[in-house]
Amino acid sequence: RVYESHCAEAVLTMEFIDGIKPSPVEALRLHGLDPKVVAQRGADFVLRQIFDMGFFHADPHPGNFFVLPGNVLAPIDFGQVATLPSQDRALFTEILLAVVGNEARRIVSALDRADMLGEDTDSSRLCGEIELLIEAYRHLPLREIPFGQAMNRLFDLFRTHHVRPPAHIALMLKSLVTIEAFAKSLNPDFNIVETLTPYARKWAMSDLQPKRLWDHL
């Protein structure tokens, strides 16, 4: 709960939460908590907001969480949040599934449909460079793909080739990279791609429902 009467331009006053910080890991274990469960819940917290709600906490670092008994994760500090419209969720889903499926042309087509290619964008050259980027990770099992590194390199390519993704997509990427680091600090075996892909596929399937297709039409 936020107490608006006690908030100001630079002060965000929230209810008191009686929990512990999610790091170090030893402290969680000392309190009978499971770091792996907390890591998974942190990732699900962000992914459910992005894909199901379209409204997300844009700064989910360890300092912005408390852990309560029962591995309950309590987020705090909602000073940086963002809205992700359905068309941008669809675009990100398309990009993500194309990366996982090694389909560079699909990424460029999605960007073109979203009218994000600049006048100076050479789509053939962009497609070729995305193919090279995907090839760098193609030999890795899904769980070993360094998601944050791959996405940052992809968005660097977008900037180089005058692609104009909305600002809130960059915030969403930051949120995902941050929660990946948070989860890995608690569980070194955690993989954001394996956790994220079912959310993306579920969104992609929901986009094929008759009502959604009618809305698109």
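Residues numbered from 1 in each chain as written. Predicted model: local features only at pLDDT ≥ 70, side-chain atom pairs only at ≥ 80, totals over all residues. Heavy atoms only, no water.

Details of the confidence of the model for the protein chain
The predicted structure's coordinates, where accompanied by low pLDDT, should not be read in detail.
And then number 1: Looking at the protein chain as a whole, the pLDDT averages 87, with 96% of positions reaching at least 70.
And then number 2: When pLDDT is averaged over each helix and strand of the protein chain, the minimum, 66, is found for helix α9 (residues 210-216) and the maximum, 96, for strand β2 (residues 65-68). (pLDDT = per-residue confidence, 0-100. Helix = DSSP H or I, 4+ residues; strand = E, 2+ residues; numbered from the N terminus.)

Quick notes on the environment of Leu97
And then number 1: Inspection of the secondary structure puts Leu97 in helix α3 (residues 86-100).
And then number 2: What makes Leu97 buried here is its relative accessible area of 12%.
And then number 3: Considered as a pair, Leu97 and Ala183 are 86 residues apart in the sequence and their alpha carbons are 22 Å apart.
And then number 4: Ignoring anything within four residues of it in the chain, the contact list for Leu97 reads Glu103, Arg106, Thr197, Ala200, Arg201 and Ala204. (Buried < 20%, exposed > 50% of the residue type's maximum accessible area, 1.4 Å probe, protein only. Contact = heavy atoms within 4.5 Å.)

Thoughts on the pairing of strand β3 (residues 72-75)
And then number 1: Two strands pair when backbone bridges link them, and β2 and β3 are joined in this way by 4 bridges, in the antiparallel orientation. Opposite Phe66, over in β3, you have Ala74 as the bridge partner.
And then number 2: Between the antiparallel neighbours β2 and β3 lie 3 residues, among them Gly70 with a positive phi of about 85°. (Pairing = 2+ DSSP bridges.)

Details of the nonpolar core
And then number 1: If you look at the biggest cluster of nonpolar residues, it comprises 61 residues, and the most contacted ones within it are Leu111, Ile130 and Leu196.
And then number 2: Per element, the largest residue contribution to this core is 8 residues, and it comes from helix α7 (residues 167-186).
And then number 3: Discounting residues that sit within four places of it in the chain, Ile130 has contacts with Ala104, Ile107, Val108, Leu154, Leu157 and Phe158. (Core = buried A, V, L, I, M, F, W, Y, C linked by side-chain atoms within 4.5 Å.)

Here we look at the pattern of salt bridges
And then number 1: Under the definition given, this model contains 6 salt bridges.
And then number 2: For Glu94, the salt bridge is made with Arg113, and the minimal N-O distance between the two is 3.5 Å. Note that Glu94 is positioned in helix α3 and Arg113 in helix α4 (residues 104-113), a separation of 19 residues in sequence.
And then number 3: The salt bridge partner of Arg125 is Glu129, with a shortest N-O separation of 3.4 Å. A residue pair is termed a helical-turn pair when its members lie 3 or 4 positions apart in one helix, as Arg125 and Glu129 do in helix α5 (residues 123-138) at 4 residues.
And then number 4: With a relative accessible area of 53%, Arg125 lands in the exposed category.
And then number 5: Judged by relative accessible area, which is 25%, Glu129 ranks as partly exposed.
And then number 6: A single salt-bridge network, built from bridges that share partners, covers Glu94, Glu103, Arg106 and Arg113. (Salt bridge = Lys/Arg side-chain N within 4 Å of Asp/Glu carboxyl O.)

Section: the packing of α3 against α4
The description of two helices packed together rests on the angle between their axes and the distance between the axes.
And then number 1: Remark: α3 packs on α4, axes separated minimally by 9 Å, with the N-to-C direction vectors making an angle of 170°. Taken together, the axis directions place α3 and α4 in an arrangement best described as roughly antiparallel. For the pair α3 and α4, the contacting residues are Leu91, Glu94, Ile95, Leu97, Ala98 and Val99 in the first and Arg106, Ile107, Ala110, Leu111 and Arg113 in the second. (Axes fitted to C-alpha atoms, helices over the stretch in contact; angles between N-to-C directions. Parallel < 35°, antiparallel > 145°, perpendicular 65-115°, else oblique.)

As for α4
Every α-helix winds through 3.6 residues per turn, so residues three or four apart in the chain are directed the same way.
And then number 1: Looking at α4, one finds that the buried residues are Ala104, Ile107, Val108, Ala110 and Leu111. Viewed along the axis of α4, the buried residues span an arc of 160°, placing them on a single side of the element.
And then number 2: Trailing α4 by a residue or two, Asp115 shows a phi angle of about 60°, which is positive. (Arc of directions from axis to C-beta.)

Some remarks on the packing of aromatic side chains
And then number 1: Applying the stated rule across the entire model yields 5 aromatic pairs.
And then number 2: Judged by centre distance (6.2 Å) and plane angle (40°), the rings of Phe51 and Phe92 are tilted. Residue Phe51 is found in helix α2 (residues 35-53), and its partner Phe92 is found in helix α3; the two are separated by 41 residues along the sequence. Take Phe51 and Phe92: they sit in the same class, and that class is buried.
And then number 3: Seen from their ring centres, Phe155 and Phe158 are 5.1 Å apart, and the 55° between their planes marks the pair as tilted. Highlighted residues: Phe155 and Phe158, both in helix α6 (residues 147-160), separated by 3 residues, approximately one helical turn. (Phe/Tyr/Trp six-rings, centres within 6.5 Å; stacked < 30°, edge-to-face > 60°.)

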